[in-house]
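Results of the structural survey
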Amino acid sequence: MPSPLIETLLILQDRDTKRLGLEAQLKAVPKEIAAVEAKIAGEKAAINAAKTDVMGLETQKKLLETEIGSAETKLAKYRTQQSQVRKNEEYQALGHEIETTEKQIGDFEGSQLELMYGLDEAKKKFAAAEAMLKANITGHETRIKTLHERATSVAEELKGALAALAAAREAVAEPARRIYDRIAVRTQPVVVSSHGGNCNGCHLKISNEVETAARGKGPLGPNQLATCENCGRIVYWES
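These lines cover the structure that appears in this document, whether it is placed above or below. (Residues numbered from 1 in each chain as written. Predicted model: local features only at pLDDT ≥ 70, side-chain atom pairs only at ≥ 80, totals over all residues. Heavy atoms only, no water.)

Description of the pairing of strand β4 (residues 234-237)
So the rule is basically this: A simple rule labels every residue: compare its accessible area, found with a 1.4 Å probe on the protein chains alone, to the largest value its type can have, and call it buried under 20%, exposed over 50%, or partly exposed in between. Starting at the N terminus, helices and strands are each numbered in turn, a helix being any DSSP run of H or I of at least four residues and a strand any DSSP run of E of at least two. When DSSP finds at least two bridges between two strands, those strands are taken to pair.
Alternating positions in β4 separate into two faces, Ile234 and Tyr236 on one and Val235 and Trp237 on the other, with burial throughout. Note: strand β1 (residues 191-195) against β4, 4 bridges, orientation parallel. Bridge pairing links serine 194 to tryptophan 237 in β4. Bridge analysis of strand β3 (residues 226-227) against β4 gives 2 bridges, and the strand direction is antiparallel. Across the sheet, residue threonine 227 finds its bridge partner in β4, namely isoleucine 234. Between β3 and β4, which follow one another and run antiparallel, lie 6 residues, and glycine 232 among them has a positive phi close to 85 degrees.

Structure, rendered in structure tokens:
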């Protein structure tokens, strides 16, 4: 059975552990929010990339339409010129230009058909991807809202934990509190049980002298704090 002094230290440690846990939660929230915001940025970048792909195909389609329009204008001009020439050589030359231009228009129209099919498919994929990504963004935004709410809740809980910690510190005698604080700076938990001659903090063997003090049988009796010579934690005997 722990001594009254150890009992007060265990209560202090419990309140301190709760405070540390809440502070860790509060500290983690901004990082979690930043991680979710990065996901949102990634989803938006994916939407923009998909939109850019569609826009690129639409630009190619417009360029092809311009090329076809230009070639058709040229073809009409050649046909008009051919109908007006009298020399056979000029007629044949224009016929060759007409044939070349007609083939060029045919090639353009073939490319246009392929591009229109590709554009149609790209638009379908973009619409599906955009819907999914926007749904993801909505989920991420809900997550951020939840994290902000959690931060508010944890901050409120921390106020109560700090008040409870202050009360627990008042219940511990000053010398013992100083020892606790010194150890708490470098390790947690501060107060651990000892059983079978081992410290349950570092799990190493403690000396007979420390074990005697942990049992409350040292020179100062139950008011003497025993510390593990290996890890420095306060140890008490657990039967």
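With respect to the sheet that holds strand β2 (residues 198-199)
The sheet built from 4 strands is open, its strands ordered β2-β1-β4-β3 with mixed pairing. The strands lining the two open edges of the sheet, one partner per strand, are β2 and β3. In this sheet, β2 lies alongside β1 in antiparallel orientation, the contact comprising 2 bridges. Residue pairing for β2: histidine 195 is matched across the bridge by asparagine 198.

Things to note about the pattern of salt bridges
Stated precisely, the cut-off is as follows: Think of a salt bridge as a Lys or Arg side-chain nitrogen and an Asp or Glu carboxyl oxygen that are within 4 Å of each other.
Within this structure, the stated rule accounts for 17 salt bridges. As a salt-bridge pair, lysine 124 and aspartate 120 come within 3.5 Å of each other at their nearest N and O atoms. With lysine 124 and aspartate 120 both in helix α2 (residues 88-170), this residue pair falls 4 residues apart, about one helical turn. The exposure class assigned to aspartate 120 is partly exposed, which follows from its relative accessible area of 38%. One salt bridge connects arginine 169 with aspartate 181, and the closest N-O pair in it is separated by 2.7 Å. Of this pair, arginine 169 sits in helix α2 while aspartate 181 sits in helix α3 (residues 174-184), placing them 12 residues apart in sequence. Judged by relative accessible area, which is 26%, arginine 169 ranks as partly exposed. Residues joined by salt bridges that share partners form a network here, namely Asp16, Arg19 and Glu23.

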